[in-house]
2 protein chains.
Amino acid sequence: MKYFVGIDIGATKIIFLLLANNKIVKKKKIPTPKTKIAFFSALKENLVLETKPIAGVGIGVPALLDIKRELVLNSPNLPYLNNCPLPQLVKGFLFKKSAVAMDNDANCFALAEACLGAGQEAEVVCGITLGSGIGAGIVLNRKIYHGAYGSGGEVGHMSIKFDGYKCSCGSFGCFEEYASEKFFKRRKISSKELEVEASAGDKKALQLFSDYGKYLGIGLANIVNVLDPKIIVLGGGTSKTSKFFMKSTQEECSKRIISPLAKKYVRIKKAKLGEFSGAVGAALLLIKK
Amino acid sequence: MKYFVGIDIGATKIIFLLLANNKIVKKKKIPTPKTKIAFFSALKENLVLETKPIAGVGIGVPALLDIKRELVLNSPNLPYLNNCPLPQLVKGFLFKKSAVAMDNDANCFALAEACLGAGQEAEVVCGITLGSGIGAGIVLNRKIYHGAYGSGGEVGHMSIKFDGYKCSCGSFGCFEEYASEKFFKRRKISSKELEVEASAGDKKALQLFSDYGKYLGIGLANIVNVLDPKIIVLGGGTSKTSKFFMKSTQEECSKRIISPLAKKYVRIKKAKLGEFSGAVGAALLLIKK
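Note that the structure is predicted; figures quoted are calculated from it, not measured.

*Asks:* Requested: an account of the packing of helix 7 (residues 203–227) of chain A against helix 8 (residues 246–256) of chain A, with residues and values cited.
*Replies:* Residues and elements named next belong to chain A. For the pair helix 7 and helix 8, interaxial distance at closest approach is 7 Å and the crossing angle is 40 degrees. If you check the angle between helix 7 and helix 8, you find them oblique. Our pair here, helix 7 against helix 8, has a crossing hand that is right-handed. Contacts between helix 7 and helix 8 involve S210, G213, K214, L216, G217, I218, L220, A221 and V224 from the former and M246, K247, S248, T249, Q250, E251, E252, C253 and R256 from the latter.

*Asks:* So what about the domain arrangement of chain A? Which residues, and what values?
*Replies:* A common way to state how big an interface is: give the accessible area lost once the parts meet. Residues and elements named next belong to chain A. Domain assignment breaks chain A into domain 1 (3–107 + 276–287) and domain 2 (120–271). Domain 1 and domain 2 are separated by 27 Å when their C-alpha centres are compared. Between domain 1 and domain 2, the contact holds nine residues from the first and ten residues from the second. Where the side of domain 1 that touches domain 2 is concerned, the elements lending two or more residues are strand 5 (64–66) and helix 3 (105–116). Top element by residues in the side of domain 1 that touches domain 2 is helix 3. It accounts for three residues. Class assignment for the residues of the side of domain 1 that touches domain 2 results in three nonpolar, two polar and four charged.

*Asks:* I'd love a proper account of the nonpolar core, names of residues and values included.
*Replies:* Counting residues in hydrophobic clusters, the biggest one holds 187 residues, and the most contacted among them are A110(A), L111(A), I232(A), A283(A), A110(B), I232(B) and A283(B). With residues near it in sequence (within four places) discarded, A283(A) still touches F4(A), V5(A), G6(A), L17(A), L19(A) and G58(A).

*Asks:* Lay out the sheet that holds strand 2 (residues 13–20) of chain A in plain terms, naming residues and giving numbers.
*Replies:* Residues and elements named next belong to chain A. With respect to topology, five strands assemble into an open sheet ordered 3-2-1-4-7, the strand pairing being mixed. The strands lining the two open edges of the sheet, one partner per strand, are strand 3 (23–31) and strand 7 (99–104). On average, each strand axis in the sheet is inclined to that of its neighbour by 15 degrees, with strand direction left out of account. Judged from the eight bridges that link them, strand 2 and strand 3 form a sheet pairing that is antiparallel. Residue pairing in the sheet places F16 in a bridge with K28 of strand 3. In the packing of helix 3 onto the sheet, the strands contacted are strand 1 (3–9), strand 4 (54–61) and strand 7, and the crossing angle to strand 7 comes to about 105 degrees.

*Asks:* Let's hear about the relation of the copies chain B and chain A: which residues, and what values?
*Replies:* Superposition record for chain B on chain A: RMSD 0.0 Å, screw rotation 180 degrees, translation along axis 0.0 Å. Interpreted geometrically, this transformation is the action of a two-fold axis. Interface overlap between copies: 98% of the residues of chain B at the interface are likewise at the interface in chain A, consistent with a symmetric, same-surface contact.

*Asks:* How would you sum up the interface of chain B and chain A? Please name residues and give values.
*Replies:* Taken together, the contacts link 41 residues of chain B with 40 residues of chain A. Those elements that provide at least two residues to the side of chain B that touches chain A are strand 5 (64–66), helix 7 (203–227), helix 8 (246–256) and helix 9 (260–265) of chain B. Partitioned by chemical class, the residues of the side of chain B that touches chain A number 20 nonpolar, twelve polar and nine charged.

Rules used in this analysis
Residues numbered from 1 in each chain as written. Chains lettered and ligands numbered in written order. Predicted model: local features only at pLDDT ≥ 70, side-chain atom pairs only at ≥ 80, totals over all residues. Axes fitted to C-alpha atoms, helices over the stretch in contact; angles between N-to-C directions. Helix = DSSP H or I, 4+ residues; strand = E, 2+ residues; numbered from the N terminus. Parallel < 35°, antiparallel > 145°, perpendicular 65-115°, else oblique. Left-handed = near helix turned anticlockwise from the far one by under 90°. Contact = placed C-beta atoms within 7 Å. Domains from an automatic or database assignment. Nonpolar A, V, L, I, M, F, W, Y, C, P; charged D, E, K, R; others polar. Core = buried A, V, L, I, M, F, W, Y, C linked by C-beta atoms within 7 Å. Buried ≥ 20, exposed ≤ 12 C-beta atoms within 10 Å, placed from the backbone. Pairing = 2+ DSSP bridges. Least-squares fit on C-alpha atoms with pLDDT ≥ 70 in both.

Shown next, in the form of C-alpha cells:
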C-alpha cells in the first residue's frame, strides 16, 4: 500500500493527513505559525512523525502560484510564503526525497470533491469555496485544469456587473463582491450570524439569504455557460448556510443558462468531504500523476 | 494522401472545401437553399462532385446541437434543420459510408484557428466570432472542448451586467448585448457603416468604437479569469474593424485580469483563415479524431 501525505495550509490552521487507498488513515491539525522559521519547523516536525514510508507529499496553499516554476507568488494571508519555492524546501525535509507537489487550496478542494466527494464520476467538475472571497478549481477527468498560465478557475473575479462595486483586485463588479462573505459584511453581518436569525424565522434574514442566493446563481450560470460542468460543488464557510439560499441560487442560475441540456441536467451540490477536503486534494495531487 | 470534405453551413451561404494535408485543394460557395428539400439536394450534389475518395466529411452548423446524439436541436436561422440527424443523412449520400462529424460553427472556427491559424502552437485557445451575436469555441490541445452537455464556450451569454439589457435568450446583461453588432444596432448603425466615419477621422465614431472595445475587453477578461487561454482569436464580421477598438479592448481586459502572469502573457489576435475558417475547422473535426 502507498502512503501519501496531504497538507492543507490555511490562514489560521494547518491540516496534515495520511492517505492510503483513498482513505484517511491519520490526521492532525495545528495552528498556523506566525513566522517563517516556526512555519518550517512545524512542517518538518509533522512530516517526520510519519513512520510509514511516504510515496509523496502534496501541499495546498492559499496563494497565487507559479505552477511550472513551483513558486508561491503571492499569499495575502501568509506573506512570509511569498516567492518561496515551497515544494523544493519540503523535499529537503524528506528522508528519501519523495515526490512533492503543490497547488492552490481551492484547486485541492475541487480535486478532492471531484475524485472522492460530491463530484464523483463527473468528467467536468467546478469546485467553489464561498468564504471571505470566492476560490474555485476546475477538474477535467479527475485532473486539475490549470489553463495556460496557471490561473484557470479564478471565477471569483469575473465581472458580473462591470460598473458595480470596486473589488480589492482593482476591477469592478467581481463575482466575489456579490457572492462571498463580502455580501454579508457590506450589511454589517456574517452568514453565520444571519443564520441564527433566519433559523428563528426572521423574514428580513430569509430575504437577505434569498438575495445572496440570486447573486450566487448569476455567477454560477456564467460558469455553466462558459465551462458546462456536470456538477458544481459548493464548499467554504458560507456554504454551511446553503439551505437558506440554495433555492434562489438554483432558480436564478437556471434562468440564465443558455443550453437547454445544461439547464436541465447541471447539478449544484454541497461539498461532502468537510474540513479535510483541502488536505485530501493535496494528497491526490500526487496519486493522480 | 487523405481527402476530407469540410462544409460550413451559414445562414446565407454554404461553403464546401476539400482539405488534404491541411491545405485547401478545392472550394465552392453556394447560396443557402430556402427549403429542406433544396438544401439536401444541394448537399448531395456538391458532395458527389468530388471524384477523389473521401476519408470523411465534417459539417459546421449555425445551431445548438446535441453532440452525443448527433442531432441539430435548434437552428434559429435555418429552422428546417431543427431536430435533424444531419450527420446520419449525409452519410447516406456517400458512396463508401465515410465518417461524418458535425459541430457548431463557432467551434469549427475555433478549431481551425487553433490548429492552422492565429492560435497555432497554443494548448488553450478561445476562438470568438463577433457578429450579429457572439459565438465561441474552446480548443484544448487541438481538440474542441464540449463540456458535459455540449455547450462549453457559450461565452456570449455570460452576464457582464446582471441587471443590464434583456437578451433574446431571456437573461439580462449578456456579453453579446454589449460586444456584438447589437451594440451598434442599438445606436442605429453597423460596425461597417461606422468604419467609414471612423476612417474619415470622425471623433464620435472613434469614441463609439472605443466604447465598444471596452465592453469587449470586459468579457474577454472574464474568459481569461475562468479559462486562462494562451491566445484569444477574434473573428466574425465585427472583427474586421478591430483596428478601431483593439486598443481599448486590450486596456480594459488587462485591468480586469486577476493573474499577473495571464495579464502579462495572454494574447488577443485577429483570425487568420478568413471566410473559409469554418469549413476548414469542419474538415479538421475528422482529421483530429
